[in-house]
Amino acid sequence: MPQISSLRLLFSSANHHAVLYPLTPKPPVSLSHLFKVAPPFSDTHKSRLLFAAFSSYSRKPKNIERPGSLSGARRRSSSSKTDKGKSAMEESSSSTAESVGFNKRRAEGKDKNDGPRKNLQLKVRKLNPVNTISYVQILGTGMDTQDTTPSVLLFFDKQRFIFNAGEGLQRFCTEHKIKLSKIDHIFLSRVCSETAGGLPGLLLTLAGMGEEGMSVNVWGPSDLKYLVNAMKSFIPNAAMVHARSFGPNVDSSGATDDLFVPINDEVVKISAVLLRPRYTKVSKTTKEGSSELDDPLVGVHHSAENRSVLRMHSTAEFALKPGDLAVVYICELPEIKGKFDPKKAAALGLRPGPKYRELQLGNSVQSDHQDIMVHPSDVLGPSVPGPIVLVVDCPTPSHLQELSSKHSLTPYYSYPSEESKEMCKKVDCVIHLSPASVTCTTEYQQWMSRFGEVQHVMAGHQLKNVEIPILKSSARITTRLNYLCPQFFPSPGFWSLPQLKSLPSVSKAPSEFSLPASCQVITAENLLKFHLRPYAQLGLDRSSIPEITSRPKIIEDLISEIPEIVDACEHITQLLHGSNNANGGSTTVHANNVLKEEPWLHETALPSCLEGITREDMEIVLLGTGSSQPSKYRNVTSIFINLFSKGSILLDCGEGTLGQLKRRFGIEGADEAVKGLRCIWISHIHADHHTGLARILALRRDLLKETPHEPLVVVGPRQLKIFLDAYQKLEDLDMQFLDCRYTTEASLDSFESSENKDVNGSAYVQNDQKNGSNLFAKGSRMESYWKRPGSPVDASAAFPLLTTLKKILREAGLEVLLSFPVIHCPQAYGVVLKAADRTNSTGKKMPGWKIVYSGDTRPCPKLVEASRGATVLIHEATFEDGMVEEAIARNHSTTQEAIEVGDSAGAYRIILTHFSQRYPKIPVFDETHMHKTSIAFDMMSVNLADLPMLPRVLPYLKLLFRDEMIADESDDVNVATAAI
């Protein structure tokens, strides 16, 4: 027999877990109906596809049993009789080639249903110049959105405009039933992850709407082109064809006061005033009037960089860098025509009819009875100037100096210079997106006072909103789960107002601003409106602001709705403290108050890697457990592996991951978590798995700016490198990239054997295909997308990165990070994390734990092989058991398929995640085979020490959601594309 490498031995079926705890004594759950043994390939069959029996997306799968079907059950029963004594794990390992139904064309990236549409519908609406309703509204400001800039909605009867699209915008709009399909234009006040982190997901959602898809106009300063170029790596060009920029190129250095007008129609005129940072010495007034500039609450991440420049240069101006430009948007509605006087019209010879309407629209008409032209001024009363709203984003003190001197804004001040007094325009509302570290300065408040009597709305993460959750539905579910089982669902880590006030530097309340009494200043709140039309309603409207629901109220409602939950909570407490059924059984409370013993909880012994484990060893935090797009209750995929004092690792990083970290650990705790990241691993290029990455990396860069540190290692598919390389032209992400294929078992074997040698690029690719049963083996047609032309990573460059990764893992107490290919889309991977062995108090050597994360995949041999003896298998379960065909078409797994993979591999515990958003609260599942399995929820935290108790919580969760164990397609979730 050929010698087995050390890594292969580490992950073989001889792993300690498989020896220490046998599979369940009942007939083993087998994957035999999915994994079919094929005869060895002969030379004449080498060209045959390894998985020849796979179905296509366009056809119904042949010879694929629905899990749980009668015939499938018979087959499993027959298999257990004929192969008596042979475990499913052994059965799987005995196959030389195995197959499972999947969509081959999707896995190769050739599925026409996944291909970008060449043309997306751009909404062209018939405008209504006489709008009956118009307002501006605040979207998203609160304690769990400190990581993004709030958005502002400008609403008209027939048009919608949104200013800024930070992470979480989709989720907020879904929560509050704001139709994204109605948005016509998106304006960015800056181009960075803070203001545009939600744009990729939003564009993809719109592109998937309806049969033809939709596009939207995107506007921003000239550095928008860098973002567009980066997004092209995973977003169809048709979705971005209407992205347009304005202003000077970022490499220009000359001053400009140009006023750009992107929109000018009969409904609204939107102008853009560009702000460049002036790198000059900060004035004495600014220093004295400002709070601490790097206030951890507001997170002004550009300011630290700008301050370092200020220390180096005193008065000189410099060429722009990408991300430097900021924008003040001016929204001007047409003047409101005076009241029509029918008596004057009749005196001028006009008959009642269509000509009255033309005059009201501002058009002159011919008199019916006189040979004269009748003009609007002849029959209309005095006009009223149209309302004006400013949206201001002044991110740093360097931009403030430019803002104060902009001549383009002079006509909008209340006390302009004499020569421009006749051009004075009355501003009704100014919405400030500027951070508190800027708005609290004396200079900024002096600038605000120039507008005279105007309504100022402070939306830059003001202190008042810190205790208010932006996502009320999610906060409600989290509170209920925390009441039921605080061990697995810790209370959210939100800051309280007293905590924040104890900080050395906090933002001032508007009442503390040094402004004239005529200036009205309020703090923005979610869904706060300022009405523009009808004119009689001009002003603030608080009627849409969500009510604040307290934790006691949520618990009171829960107990009223499910009285049995009180007993359930007590039972869980007893279970987790070991005082109930010391023999290992469980008592489950049911809706009819009947207590039932759960004998299946006696079936698995404690693996040796968990003996003597402490609560400071490892914790799995499920930050996002949904698929495709964020929903009210589940964010998209992200898993935080908390190694406590040894740092942390992030597995996938969907949009809103930073916000989820702040909800789980609090503002300061999330910052510490980001600073402590050792590595980020991304499974594949689909947007729901990586679009939160730039925001995390940008925050880490700023948090560690003054601290010596190494760039963060990001491991991912090579398409991700294309995106990151393009994005880094916009802002530095302080990272180094390592292709997943250089962290596969074969590549790591090659690295170990050649660690002190000069390795060329071909060595890795050749070694990566040594195993004849490899899905991507040489000679297989599946190799076509494994070696597809693109931008391959140079193996010689990967060698030092592998050395760095090895050092990082060693410092984190890990033995290896191993990627393995799975079946989903081109360059899709799963990952194994294996902890180093440890010595217990008696000096006995104990094996380290092993976590396996499937990524998105169909059940496949590589996943089963990698999962053998896993302490925890985190497996996607996008679809319920009755949707096998959909799972095959989209190359995802059903609940039962995921469980069978874990059972076949001998995993100790299985956590199911990545649920289709058609299951908003809890997925549909069958408890029959859930003896080692748990359902994941957002913010669920599984400590290694609590693993033995994990499955015992499931019946109680079912009680909590007893009325919601069905698919729900009523919350505007596009279930047709609910799994990408």
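Within an unreviewed UniProt entry, the label attached to the protein chain reads ribonuclease Z, and the organism entered is Datura stramonium. Annotation of the protein chain in UniProt includes, under Cofactor (unreviewed entry), the sentence "Zn(2+)".

Undergrad: Would you mind showing me how to read the pattern of salt bridges here?
TA: Between side chains of opposite charge, a pair can form when the charged atoms approach closely. Enumeration over the complete set of coordinates arrives at 25 salt bridges. Linking Arg278 and Glu402 is a salt bridge whose minimum nitrogen-to-oxygen distance equals 2.8 Å. Here Arg278 is found in the loop between strand 10 (269-275) and helix 10 (284-289), whereas its partner Glu402 is found in helix 15 (residues 397-404), with 124 residues between them in sequence. Taking the relative accessible area as the measure of exposure, Arg278 reaches 27% and is therefore partly exposed. Close ionic contact of Lys675 with Glu672 constitutes a salt bridge, the shortest N to O distance being 3.0 Å.

Undergrad: Help me understand unusual backbone geometry, please; the structure alone is not making it clear to me.
TA: Trans peptide bonds make up the majority, and among non-glycine residues the majority have a negative phi. That bond from Arg533 to Pro534 is cis: its omega, -5 degrees, falls within 30 degrees of zero. Along the polypeptide, Pro534 turns up in the loop between strand 18 (529-533) and strand 19 (539-541). Residues other than glycine seldom take positive phi values, yet His914 does so here, at roughly 60 degrees. Along the chain, the position of His914 falls in the loop between strand 34 (909-913) and strand 35 (933-935). The phi dihedral of Met939 is positive, around 75 degrees, even though this residue is not glycine. Checked against the element boundaries, Met939 lands in the loop between strand 35 and strand 36 (940-943). Accessibility expressed as a relative area gives 8% for Met939, which makes it buried.

Undergrad: Even after reading the chapter, I still don't get the nonpolar core, so can you show me in this structure?
TA: In summary, soluble globular proteins display a tendency toward joint burial of nonpolar side chains. Grouped together as the largest cluster of nonpolar side chains are 103 residues, with contacts concentrated most on Ile620, Ile641 and Trp849. The dominant element in this core, judged by the number of residues it contributes, is helix 28 (residues 795-811), at seven residues. Judged by nonpolar contacts, the second largest core, of 70 residues, contains Leu202, Met214, Leu224 and Ala670.

Undergrad: Just to check I follow, could you spell out the packing of helix 22 (residues 657-675) against helix 23 (residues 693-703) for this structure?
TA: To characterise two packed helices, one gives the angle between the axes of the helices and the distance between these axes. Orientation of helix 22 relative to helix 23, taken along the N-to-C sense of each, is 25 degrees, at an axis distance of 11 Å. One way to sum up the angle between helix 22 and helix 23 is to call them roughly parallel. Relative to helix 23, helix 22 is oriented so that their crossing is right-handed. Side by side, helix 22 and helix 23 meet where Thr657, Leu658, Leu661, Asp671, Val674 and Lys675 of the first sit next to Arg695, Ile696, Leu699, Arg700 and Leu703 of the second. Grouping the constituent residues of the contact of helix 22 with helix 23 by class yields six nonpolar, one polar and four charged.

Undergrad: I keep staring at the sheet that holds strand 18 and nothing clicks. Help me out?
TA: The strands that make up a sheet are held in pairs by hydrogen bonds between backbone atoms, and each pair lies either parallel or antiparallel. Overall, mixed pairing links the eight strands, which are arranged 8-7-5-4-3-2-18-19 in an open sheet. With partners counted over all chains shown, the strands left at the sheet margins are strand 8 (243-246) and strand 19, one partner each. Strand-to-strand twist in this sheet, taken as the mean axis angle between neighbours without regard to direction, amounts to 25 degrees.

Undergrad: How do you make sense of the pairing of strand 25 (residues 677-681) when you look at a structure like this?
TA: Remember that side chains alternate between the two faces of the sheet whenever the strand is regular. Of all the five residues making up strand 25, four are buried; the element is thus mostly covered by neighbouring parts of the structure. The pairing of strand 24 (residues 648-653) with strand 25 spans four bridges and is parallel. When the sheet's bridge partners are listed, Ile649 is paired in strand 25 with Cys679. Between the parallel pair strand 24 and strand 25, the chain is carried across by helix 22, and the sense of this crossover is right-handed. Taken together, the three bridges between strand 25 and strand 26 (residues 712-716) define a ladder with parallel strand orientation. The residue of strand 26 that forms the bridge with Trp681 is Val715. Of the crossover connections in this fold, the one passing from strand 25 over helix 23 to the parallel strand 26 is right-handed.

Undergrad: In this structure, what is going on with the pairing of strand 34? I would like to understand it.
TA: Counting buried positions along strand 34 gives five out of five residues, so the element sits mostly inside the fold. Alternating residues of strand 34 divide into Arg909, Ile911 and Thr913 and Ile910 and Leu912, and every residue in both groups is buried. Judged from the five bridges that link them, strand 33 (residues 872-876) and strand 34 form a sheet pairing that is parallel. Note that in strand 34 the partner of Ile874 across the bridge is Ile911. Of the strand pairs in this sheet, strand 34 and strand 35 are connected by three bridges, and their pairing is parallel.

Undergrad: Looking at this structure, how should I read the sheet that holds strand 14 (residues 388-392)?
TA: An order of 9-10-11-14-15-16-17 is seen for the seven strands of this open sheet, with the pairing classed as mixed. Every interior strand has two partners, whereas the edge strands, strand 9 (259-264) and strand 17 (520-523), have only one. Sheet twist, expressed as the average angle between the axes of neighbouring strands with direction ignored, equals 20 degrees. Relative to strand 14, strand 11 (residues 326-332) is paired through five bridges, and the arrangement is antiparallel. When the sheet's bridge partners are listed, Tyr329 is paired in strand 14 with Val391. Most of the contacts of helix 15 go to strand 10, to which it runs at about 120 degrees, and overall it touches strand 10, strand 11 and strand 14.

Undergrad: Help me out: how do you make sense of helix 18 (residues 472-484) in this one?
TA: In an α-helix, one full turn covers 3.6 residues, which means residues spaced three or four apart are oriented alike. Relative to the 18 Å expected for 13 residues at 1.5 Å per residue, helix 18 spans 18 Å between its end C-alpha atoms, a close match to the ideal helical length. The buried fraction of helix 18 amounts to 11 of the 13 residues, a majority that puts the element mostly inside the structure. When helix 18 is considered as a whole, its buried residues turn out to be Ser473, Ser474, Ala475, Ile477, Thr478, Thr479, Arg480, Leu481, Asn482, Tyr483 and Leu484. Along its buried surface, helix 18 packs onto helix 6 (169-175), helix 20 (551-561), helix 21 (565-576) and helix 32 (954-960).

About the criteria used
- Numbering of residues begins from 1 in every chain and follows the order in which that chain's sequence is written.
- Predicted model: local features are reported for residues with pLDDT of at least 70 only, side-chain atom pairs are reported and counted for 80 or more only, and whole-chain, interface and lining totals are derived from all residues.
- The basis for the side-chain values is all heavy atoms of the structure; hydrogens and waters are excluded.
- UniProt positions are given in the numbering used here, feature names are shortened, and annotations may be inferred rather than shown by experiment.
- The salt bridge definition used is simple: a Lys or Arg side-chain nitrogen within 4 Å of an Asp or Glu carboxyl oxygen.
- Strands are runs of DSSP state E lasting at least 2 residues, helices are runs of H or I lasting at least 4, and numbering of each runs from the N terminus.
- Throughout, exposure labels follow a simple rule: accessible area from a 1.4 Å probe, protein chains only, divided by the maximum for the residue type, with under 20% read as buried, over 50% as exposed, and the rest as partly exposed.
- Residues enter a nonpolar core if they are buried and are Ala, Val, Leu, Ile, Met, Phe, Trp, Tyr or Cys, with the set joined through side-chain atoms within 4.5 Å.
- Orientation is described by axes fitted as lines to C-alpha atoms, over the contacting stretch for helices, and by angles from 0 to 180 degrees between their N-to-C directions.
- Angle categories are assigned with fixed cut-offs, so that under 35 degrees is roughly parallel, over 145 is roughly antiparallel, 65 to 115 is roughly perpendicular, and the rest are oblique.
- By definition, any crossing whose near helix is turned counterclockwise from its far helix by less than a right angle is left-handed, and any crossing with a clockwise turn is right-handed.
- In this analysis, two residues are considered to be in contact whenever any of their non-hydrogen atoms come within 4.5 Å of each other.
- In this classification, the charged set is Asp, Glu, Lys and Arg, the nonpolar set is Ala, Val, Leu, Ile, Met, Phe, Trp, Tyr, Cys and Pro, and all remaining amino acids, among them Gly, are polar.
- Pairing between two strands requires that DSSP report at least two bridges joining them.
- Seen with its strands pointing away from the viewer, a crossover is right-handed when the path leading from the first strand over the helix to the second is clockwise.
- Here the expected length of a helix is defined as 1.5 Å per residue gap, with one fewer gap than residues.

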